[in-house]
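# Understanding the architecture of this molecule
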Amino acid sequence: MTTEKKPPARRRSPKPAPTAEDCGTCAGSGETTTAVRVGRKRREIGATQTGLCPTCLGTGTA
């Protein structure tokens, strides 16, 4: 009685880890800039201020 060897099973290649995409609002920096508004009529002055991105909360990834 002869026994036939089975061909070795194919090994699956591991899937690549998902990459995090940059946030569209802050372009991956985690900060956004807004114009400073003052007064009752909310007029803009020539200054800007930076703050955390409301979309990604400062992580920079979407």
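Just above sits the structure.
Read on for a plain summary of the structure. Keep in mind that this is a model prediction, so the values were computed, not measured.

## Description of the overall build of the protein
Across its full length, the protein carries 0 helices and 2 strands. Computed over its C-alpha atoms, the radius of gyration of the protein comes to 27 Å, more than 25% above the 11 Å expected for a compact globule of 62 residues. The burial tally for the protein puts 11% of its 62 residues in the buried class.

## Quick look at the pairing of strand S1 (residues 31–38)
Inspection of the sheet shows S1 paired to strand S2 (residues 43–52) by 7 bridges, in the antiparallel sense. Note on S2: the bridge partner recorded for Glu-31 is Leu-52. Counting the residues in the hairpin turn of S1 and S2 gives 4 residues, including Gly-39, whose phi is positive at 85 degrees.

## As for the side chain of Thr-32
Mapped onto the elements of the fold, Thr-32 is located in strand S1. On the basis of relative accessible area, Thr-32 is assigned to the buried category, the value being 17%. In contact with Thr-32, not counting residues within four places along its chain, are Thr-25, Cys-26, Gln-49, Thr-50, Gly-51, Leu-52, Cys-53 and Pro-54.

## Thoughts on the pattern of salt bridges
Once the charged atoms of two side chains with opposite charge are near each other, the side chains can pair. The final tally for this structure, using the stated rule, is 1 salt bridge. In this structure, Glu-44 and Arg-37 form a salt bridge, with 3.3 Å as the shortest nitrogen-oxygen distance.

## Here we look at the environment of Glu-31
Among the structural elements, Glu-31 can be located in strand S1. Assessed through its relative accessible area of 48%, Glu-31 is described here as partly exposed. Along the sequence, Glu-31 and Thr-55 sit 24 residues apart, while their C-alpha atoms lie 10 Å from each other. Not counting residues up to four positions away in its chain, the partners in contact with Glu-31 are Cys-26, Thr-50, Gly-51 and Cys-53.

About the thresholds
Residues numbered from 1 in each chain as written. Predicted model: local features only at pLDDT ≥ 70, side-chain atom pairs only at ≥ 80, totals over all residues. Heavy atoms only, no water. Helix = DSSP H or I, 4+ residues; strand = E, 2+ residues; numbered from the N terminus. Rg over C-alpha atoms; globule rule 2.2 N^0.38 Å. Buried < 20%, exposed > 50% of the residue type's maximum accessible area, 1.4 Å probe, protein only. Pairing = 2+ DSSP bridges. Contact = heavy atoms within 4.5 Å. Salt bridge = Lys/Arg side-chain N within 4 Å of Asp/Glu carboxyl O.

Honestly, it's all geometry; don't read function into it.
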